[in-house]
Structures are given as structure tokens and as C-alpha cells.
Amino acid sequence: MSAVPLEVAVPRPLPSNLKVVRSSRSYCCAYLGNVFLVVWNEAPTVAALDQMQQDMGELQRSCPKGGGMLVVSRASSPGDHNAVKRSTDGLRAMAPWLKALAGVNGGTGILAKLVRVMMQTITTLAGNLPVECKLFGVPAEAAQWLAGGLGRAGCLEVTEAELQAGLAALLELYPPPAENA
């Protein structure tokens with residue numbers, strides 16, 4: 001007779017205010033109050049960035065006072081030149097609405113460093129935006145900082161705890177590529 005595990009991993013329930021709006025092999029995006037959450041498993045493409053911009057437009061219309069964006073990149077590449085340019089243009093277009101932007105790339109090695117440099121370059125190339133931007137290696141730190149940034153901007157619609165829980169649930173729901181296969 002074989003042993004039966006005593007505990008079975010049960011996925012964490014999604015917070016009621018987390019709305020997953022798109023999920024593909026490449027990326028997943030969701031709304032949490034007035035925060036747009038994005039998880040990239042592959043390098044962004046122009047087509048995916050265009051779709052993401054449309055998805056974010058819905059959130060912008062429903063939260064006219066502004067909001068935030070938290071991007072988690074698990075990709076080993078920042079995307080090609082056209083995707084980097086589209087990201088930069090997209091940030092400029094969102095600037096009036098976007099109050100704080102947190103990016104996360106916790107990978108190690110030269111490719112992860114390259115992605116972090118490109119994420120920083122994209123925010124720098126976007127120009128003088130009235131947006132607080134910061135990069136992190138750990139999602140929880142990014143969520144904490146983003147909640148503070150939205151609070152300073154006077155448009156925090158979710159608590160830091162809700163943001164932490166929503167991001168953790170989304171990352172669990174949308175695992176890295178090796179776990180997706």
C-alpha cells in the first residue's frame with residue numbers, strides 16, 4: 001500500500017476585487033481596484049502591448065481619478081526594439097492617469113539584469129512623466145511601494161494588504177512557463 005499525502009496544496013481563492021481580464025501563454029493582466037497588474041512570462045510583443053493598452057483603457061475609464069500599474073516580468077528578454085518603443089509610447093499615453101508604476105524582475109544572471117536595465121530604460125525614455133517609477137526584485141516589496149505611491153497621489157482604492165493578496169493570488173494562478181507546460 002502506498003502512502004497518501006496528508007496535505008494537498010489548495011490554490012488560494014482569488015480576492016473578490018481581482019478581475020483577470022486576459023490570460024495567454026505570453027502574459028496575464030488583471031484589475032485590482034484602480035491598479036493594473038501585468039505578469040509577463042515571455043518577452044512583450046507589439047501585438048500583446050497593443051492589447052494590454054486596450055485592456056488598461058477600460059480600467060482608466062472606470063477609475064478616472066487615476067491609478068497604478070504593477071508589472072512582473074519573468075521573461076528572459078525585454079522584447080525587440082519595436083516592443084520597447086511601444087512600451088515607451090504606451091507610458092507616455094498613460095501619463096495623465098498613471099500615478100505610480102512598480103516593476104519586478106527577480107531573476108538572476110545576465111539575462112535578468114538585461115531585462116531590469118531595459119525596464120529602467122523604458123521608463124527613462126518615456127520622458128519627464130509625472131509618475132513615480134521604481135523597480136524591485138521581489139513582488140511583495142513592489143506592492144508595498146505601489147500602495148504608498150498611490151496613497152501619496154491621493155488615489156489609493158485598495159489597501160496594501162489587498163494589493164499584496166491580489167498579486168500573490170495572480171502569481172499563483174499564472175505560474176512561470178516551466179510550470180505552465
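Each remark here, short or long, concerns the structure printed above.
Presented here is an overview of the structure given in this document. (Residues numbered from 1 in each chain as written. Predicted model: local features only at pLDDT ≥ 70, side-chain atom pairs only at ≥ 80, totals over all residues. Heavy atoms only, no water.)

Attention shifts here to the sheet that holds strand 5 (residues 98–104). What the 6 strands build is an open sheet, ordered 1-2-3-4-5-6; its pairing is mixed. Both edges of this open sheet fall to strand 1 (18–23) and strand 6 (132–136), since each of them pairs with a single strand only. The sheet shows a mean angle of 15° between the axes of neighbouring strands, direction not considered. Of the strand pairs in this sheet, strand 1 and strand 2 (residues 27–32) are connected by 5 bridges, and their pairing is antiparallel. For Arg22, the partnering residue across the bridge sits in strand 2 and is Cys29. The strands touched by helix 5 (residues 160–173) are strand 1, strand 2, strand 3 (35–40) and strand 4 (67–73); relative to strand 3, the strand with the most contacts, the crossing angle is about 30°. (Pairing = 2+ DSSP bridges. Helix = DSSP H or I, 4+ residues; strand = E, 2+ residues; numbered from the N terminus. Axes fitted to C-alpha atoms, helices over the stretch in contact; angles between N-to-C directions. Contact = heavy atoms within 4.5 Å.)

With that out of the way, let us pick up the pattern of salt bridges. Across all of its chains, the model carries 7 salt bridges by this definition. The shortest N-O distance in the salt bridge between Asp55 and Arg22 comes to 2.7 Å. Note that Asp55 is positioned in helix 1 (residues 46–62) and Arg22 in strand 1, a separation of 33 residues in sequence. According to the relative accessible area criterion, Asp55 is buried, its value standing at 8%. What you see here is one network of salt bridges that share partners, running through Lys85, Asp89 and Arg92. (Salt bridge = Lys/Arg side-chain N within 4 Å of Asp/Glu carboxyl O. Buried < 20%, exposed > 50% of the residue type's maximum accessible area, 1.4 Å probe, protein only.)

Our focus in this paragraph is a nonpolar patch on the surface. Judged by side-chain polarity, Leu14, Val20 and Leu173 come together as a nonpolar surface patch covering roughly 240 Å² of accessible area. In this fold, Leu14 is placed in the segment before strand 1. Here Leu14 falls in the partly exposed class, since its relative accessible area comes to 41%. (Patch = residues over 30% accessible without salt bridge, like charges linked within 9 Å, V, L, I, M, F, W, Y side chains within 5 Å. Areas by Shrake-Rupley, 256 points an atom, 1.4 Å probe, with all protein chains shown as cover.)

What follows deals with the nonpolar core. Counting residues in each nonpolar core, the largest one holds 26 residues, and the members touching the most others are Leu37, Leu70, Leu146 and Leu163. Sorting the residues of this core by element identifies strand 2, strand 3, strand 4, strand 5, helix 4 (139–152) and helix 5 as the ones contributing at least two each. Not counting chain neighbours up to four residues away, the residues in contact with Leu70 comprise Phe36, Leu37, Val38, Ala102, Val104, Ala142, Ala143, Leu146 and Leu167. Among the nonpolar cores identified, the runner-up in size contains 21 residues, and Cys63, Met69, Ala83 and Met94 belong to it. (Core = buried A, V, L, I, M, F, W, Y, C linked by side-chain atoms within 4.5 Å.)

Axis separation between helix 1 and helix 2 (residues 81–94) bottoms out at 9 Å; the angle between their running directions is 15°. As far as their axial angle goes, helix 2 and helix 1 are roughly parallel. Remark: the crossing between helix 1 and helix 2 carries right-handed chirality. On the side of helix 1, the interface is formed by Val46, Leu49, Asp50, Gln53, Met56 and Gln60, while helix 2 contributes Asn82, Ala83, Arg86, Ser87, Gly90, Ala93 and Met94. Of the residues contributing to the contact of helix 1 with helix 2, the split by class is 6 nonpolar, 5 polar and 2 charged. (Parallel < 35°, antiparallel > 145°, perpendicular 65-115°, else oblique. Left-handed = near helix turned anticlockwise from the far one by under 90°. Nonpolar A, V, L, I, M, F, W, Y, C, P; charged D, E, K, R; others polar.)

Once that is clear, we can look at the pairing of strand 2. Along strand 2, 6 of the 6 residues are buried, which leaves the element largely enclosed by surrounding structure. Side-chain alternation along strand 2 places Tyr27, Cys29 and Tyr31 on one buried face and Cys28, Ala30 and Leu32 on a second face that is also buried. Across 6 bridges, strand 2 lies against strand 3 in antiparallel orientation. Across the sheet, the residue bridging to Leu32 is Val35, located in strand 3. Where strand 2 hands over to strand 3, the hairpin turn is made up of 2 residues, of which Gly33 adopts a positive phi near 60°.

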